[in-house]
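Chains, contacts and geometry: an overview
Listed below are the residues making up each chain.
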Amino acid sequence: MSRTRTALALGMAAAAALTVASATASAAPSPLAGSTTVTPAGHAFKAALTGKATLKAGSVTVTCSVSVSTGSVPAAPGNHNAAGAVSSPITPPTYSSCTSSMPGVTPTVTTSGAWAVSMQNGSPVTATMTVPAGGLVVHTSGLATCTVTAAPGGAASVPGSWANGAPSSLTFSNASVPVTVTGGFGCPTSATSSTFNAVYLVSDTTDPAQQITVTP
């Protein structure tokens, strides 16, 4: 066989091998999520803000110092998922004692709809808060009248992390939340997302001597 034909044959073989390898890689299944157990099963809990919560859209930041939500760990066996997260419905978080970074502007935060939080065991334990469509609205009054609506196009997932402790904590650090902003002068109407920061301490209200814990 000539050198040209040999080189051509080797090139075609290499291309075929790469094609097969690529197809095999793309067909490989994604790794399954690990098991998650949230305890104590069936216990009610309260998530209370520690420090301040901030929601930043464009150049405007709304800061709240009081926020509370409640919920319950699913009863057994629903508190365990052998291949994924465990989800719990929660009440729409309330936000009060809020201020705005814009002078002369007062914000009011209202929440509604079916909220939820899910926990996935791992290193670290991850948490996802589900905001229903239009489930959080910030309205400002004063020198600027603006309306910021979170999750305008449908339910949105807000990523966070969980740490077991006494009490356990739920943290959202620079989490992105889709928003729409309407209003006049001074309103960040070009913003399509906001940044959410908050830390909640989660206590067991069924038995305060116990802790809400996430394990495999």
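Residues numbered from 1 in each chain as written. Predicted model: local features only at pLDDT ≥ 70, side-chain atom pairs only at ≥ 80, totals over all residues. Heavy atoms only, no water.

**Things to note about the packing of aromatic side chains**
Two numbers describe a pair of aromatic rings. These are the distance of the centres and the angle of the planes. All told, the structure shown has one aromatic pair when counted by the stated rule. Judged by centre distance (5.6 Å) and plane angle (45 degrees), the ring pair of Phe-172 and Phe-196 falls under tilted. Separated by 24 residues along the polypeptide, Phe-172 in strand E14 (residues 168-183) and Phe-196 in strand E15 (residues 193-204) bring together distant segments of the chain. Taking the relative accessible area as the measure of exposure, Phe-172 reaches 2% and is therefore buried. (Phe/Tyr/Trp six-rings, centres within 6.5 Å; stacked < 30°, edge-to-face > 60°. Helix = DSSP H or I, 4+ residues; strand = E, 2+ residues; numbered from the N terminus. Buried < 20%, exposed > 50% of the residue type's maximum accessible area, 1.4 Å probe, protein only.)

**Regarding the state of the cysteines**
If you walk through the whole model with that rule in mind, you get two disulfides. The side chain of Cys-64 participates in a disulfide bridge whose partner is Cys-98; the two sulfur atoms lie 2.0 Å from each other. Its S-S torsion of about 105 degrees marks the bond between Cys-64 and Cys-98 as right-handed, since a negative value means left-handed. Taken as a pair, Cys-64 in strand E4 (residues 60-72) and Cys-98 in strand E7 (residues 94-100) lie far apart in primary sequence, 34 residues in all. An identical accessibility class is assigned to Cys-64 and Cys-98; each is buried. Covalently, Cys-146 is tied to Cys-187 through a disulfide, its sulfur atoms 2.0 Å apart. Around the S-S axis, the bridge from Cys-146 to Cys-187 shows a dihedral of about -90 degrees and counts as left-handed. (Disulfide = S-S within 2.5 Å.)

**Side note on the environment of Ala-151**
Mapped onto the elements of the fold, Ala-151 is located in the loop between strand E12 (146-150) and strand E13 (156-163). Judged by its relative accessible area of 0%, Ala-151 is buried. The sequence separation of Ala-151 and Val-131 amounts to 20 residues, and the corresponding C-alpha distance is 6.7 Å. Discounting residues that sit within four places of it in the chain, Ala-151 has contacts with Val-131, Pro-132, Ala-133, Gly-134, Ala-156 and Pro-178. (Contact = heavy atoms within 4.5 Å.)

**A few points about the environment of Thr-61**
With respect to the secondary-structure elements, Thr-61 resides in strand E4. For the pair Thr-61 and Ser-100, spaced 39 residues apart in sequence, the C-alpha to C-alpha distance is 5.9 Å. Ignoring anything within four residues of it in the chain, the contact list for Thr-61 reads Thr-54, Leu-55, Lys-56, Thr-99, Ser-100 and Ser-101.

**A short note on the nonpolar core**
Counting residues in each nonpolar core, the largest one holds 49 residues, and the members touching the most others are Tyr-95, Phe-196 and Tyr-200. Here the element with the most residues in this core is E14; it accounts for six residues. With residues up to four places along the chain from it excluded, the contact list for Phe-196 reads Ala-53, Thr-54, Leu-55, Tyr-95, Met-129, Val-158, Phe-172, Ser-173, Asn-174, Ala-175 and Val-177. (Core = buried A, V, L, I, M, F, W, Y, C linked by side-chain atoms within 4.5 Å.)

**With respect to the sheet that holds strand E16 (residues 213-215)**
Taken together, the three strands give an open sheet; going across it, the order is E5-E1-E16, and neighbouring strands pair in antiparallel fashion. Strand pairing shows two members of the sheet lacking a second neighbour, strand E5 (80-81) and E16, which therefore form its edges. (Pairing = 2+ DSSP bridges.)

**A few points about unusual backbone geometry**
Residues apart from glycine generally show negative phi values, whereas peptide bonds are mostly found in trans. Cis geometry marks the peptide bond from Thr-39 to Pro-40, where omega comes out at -5 degrees. If you trace the backbone, Pro-40 turns up in the loop between strand E1 (36-39) and strand E2 (44-49). In this chain, Ala-166 is followed by Pro-167 through a cis amide linkage whose omega measures 5 degrees. Looking at where Pro-167 falls in the secondary structure, it is placed in the loop between E13 and E14. In the Ramachandran plot, Ser-97 falls in the positive-phi region, its phi being about 55 degrees despite a non-glycine side chain. Residue placement: Ser-97 occurs in strand E7.

**Looking at the pairing of E15**
Only one face of E15 is covered, namely the face carrying Ser-194, Phe-196, Ala-198, Tyr-200, Val-202 and Asp-204; the face carrying Ser-193, Thr-195, Asn-197, Val-199, Leu-201 and Ser-203 is uncovered. With four bridges joining them, strand E3 (residues 53-57) and E15 adopt antiparallel strand pairing. Bridging across to E15, Lys-56 finds its partner in Thr-195. Where E14 meets E15, nine bridges bridge the pair, whose relative direction is antiparallel. When the bridges of E15 are listed, Ala-175 appears paired with Phe-196.

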